[in-house]
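Summary of the model geometry
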Amino acid sequence: MWTPISIDQYVKIHLRKNPNDQEKTLKMRIDAALDYYNNGLKCRCGNDIWIVGSTTAPFGCFRCITGKDHPRGDYEIDSALDKRDKDGRRHIDEMDPRKINGIFDDDGYEINQKTIKMQPLCLTCMKYYIDDLEEQMLCNLNRHDQADEKEFKCGAYEKL
Ligand SMILES: [Zn+2]
């Protein structure tokens, strides 16, 4: 999970901890990392770069810079997180626990429910047409789990 922080706040905190660093240089590095990120350029491993970490290390993602899998309250510039929420795959550990909703795969990555393949069977099922978010979430998980199966099975199927 990230702790979102504005550029100004981060600069203040960083300079308090590293009084010998130059404010101007630090801001330039943040801008450069944000430009890099906003242009869609990635870490050499393919992940989004970590702006805050990239101010003191070569541009890279959290994992490549720290060797740890997921941030645990580490700072990240808020504008970069806004973008990540819209486009990137989110891991459950990187999300604010108060805002977690939706469904996640076995590795903890959020499943984009819009991209789950619809099954012909579902289109003839009562459940597909009732407005029950919890049922629909279960249906989506079932469809996601069997996305690569030849034959789709569903124990909750109710013929229309
Ligand atoms: Zn990386």
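Residues numbered from 1 in each chain as written. Predicted model: local features only at pLDDT ≥ 70, side-chain atom pairs only at ≥ 80, totals over all residues.

**Brief notes about the overall build of the chain**
To be explicit about the condition: Only DSSP runs of H or I covering at least 4 residues are called helices, and only runs of E covering at least 2 are called strands; the numbering of each starts at the N terminus. Atoms counted for the radius of gyration: C-alpha only. Globule rule: 2.2 Å times the number of residues to the power 0.38. Our exposure labels follow a C-beta count within 10 Å of each residue's own C-beta, placed from the backbone: buried means 20 or more other C-beta atoms, exposed means 12 or fewer, and partly exposed covers the counts in between. By definition, residue pairs are in contact when their C-beta atoms, positioned from the backbone, come within 7 Å.
For the chain, the helix and strand inventory stands at six helices and two strands. Starting at the N terminus, the α and β elements of the chain follow one another as β-α-α-α-β-α-α-α. Here the C-alpha atoms of the chain give a radius of gyration of 21 Å, more than 25% beyond the 15 Å that 2.2 N^0.38 yields for 160 residues. The 160 residues of the chain split such that 15% are buried. Taking the contacts inside the chain whose residues are at least 6 apart along the sequence as the reference set, 49% of them involve residues at least 24 apart.

**What about the nonpolar core?**
We apply this condition: To count as a nonpolar core, a set of buried Ala, Val, Leu, Ile, Met, Phe, Trp, Tyr and Cys residues must be joined through C-beta atoms within 7 Å.
In terms of nonpolar packing, the biggest core is built from 14 residues, with A33, Y37, I49, W50, I51, V52 and I77 touching the most fellow members. In terms of residues, this core owes the most to one element, helix α2 (residues 23-38), which gives three residues.

**A few points about α2**
Heads up, the rule is: One fewer than the residue count of a helix, multiplied by 1.5 Å, yields its expected span. Here, the arc refers to the directions that run from the helix axis to the C-beta atoms.
With 16 residues, α2 ought to run about 22 Å at 1.5 Å a step, and its terminal C-alpha atoms sit 22 Å apart, in line with that. Buried within α2 we find I30, A33 and Y37. Down the axis of α2, the smallest arc covering the buried residues is 65 degrees, so these residues share one side. Residues of α2 that are exposed and angled more than 90 degrees away from the buried face: K24, T25, M28, D31, D35 and N38.

**A look at the domain arrangement of the chain**
Convention followed: A domain assignment, automatic or from a database, supplies the domain bounds used here.
When its domains are assigned, the chain resolves into domain 1 (2-99) and domain 2 (112-160). Here the C-alpha centroids of domain 1 and domain 2 sit 37 Å apart.

**What to know about the environment of D107**
One can find D107 in the loop between α4 (78-87) and α5 (126-129). Residue D107 is classed as exposed on the basis of its C-beta count, with 8 C-beta atoms lying within 10 Å. Taking C-alpha positions, D107 is 18 Å from D48, a pair spaced 59 residues apart along the chain.

**Details of the packing of helix α1 (residues 7-17) against α2**
Heads up, the rule is: Note on definitions: angles span 0 to 180 degrees between N-to-C directions of axes, and those axes are lines fitted to C-alpha atoms, for helices only across the stretch in contact. With respect to orientation, any angle under 35 degrees is reported as roughly parallel, any angle over 145 as roughly antiparallel, any angle of 65 to 115 as roughly perpendicular, and every other angle as oblique. Crossing handedness is read from the near helix: turned anticlockwise from the far helix by less than a right angle, it gives a left-handed crossing, and turned clockwise, a right-handed one. Residue classes follow a fixed rule: Ala, Val, Leu, Ile, Met, Phe, Trp, Tyr, Cys and Pro count as nonpolar, while Asp, Glu, Lys and Arg count as charged, and any other residue, Gly among them, counts as polar.
At a closest axis distance of 11 Å, the pairing of α1 and α2 adopts a crossing angle of 135 degrees. Here α1 is positioned oblique relative to α2, judged by the angle of their axes. The crossing of α1 and α2 is right-handed. Contacts between α1 and α2 involve I7, V11, H14 and L15 from the former and E23, L26, K27 and I30 from the latter. Broken down by class, the residue content of the contact of α1 with α2 amounts to five nonpolar, one polar and two charged.

**Remarks on the environment of E151**
Positionally, E151 belongs in the segment after α6 (133-145). Of the residues examined, E151 has 6 C-beta atoms within 10 Å and is grouped as exposed. Along the sequence, E151 and L15 sit 136 residues apart, while their C-alpha atoms lie 59 Å from each other.

**A closer look at the environment of I51**
Structurally, I51 is set in the loop between α2 and α3 (62-66). In sequence terms I51 and E158 are 107 residues apart; their C-alpha atoms lie 49 Å from each other. Once residues within four sequence positions are removed from consideration, I51 is found in contact with I30, A33, L34, Y37, E76, I77 and A80.

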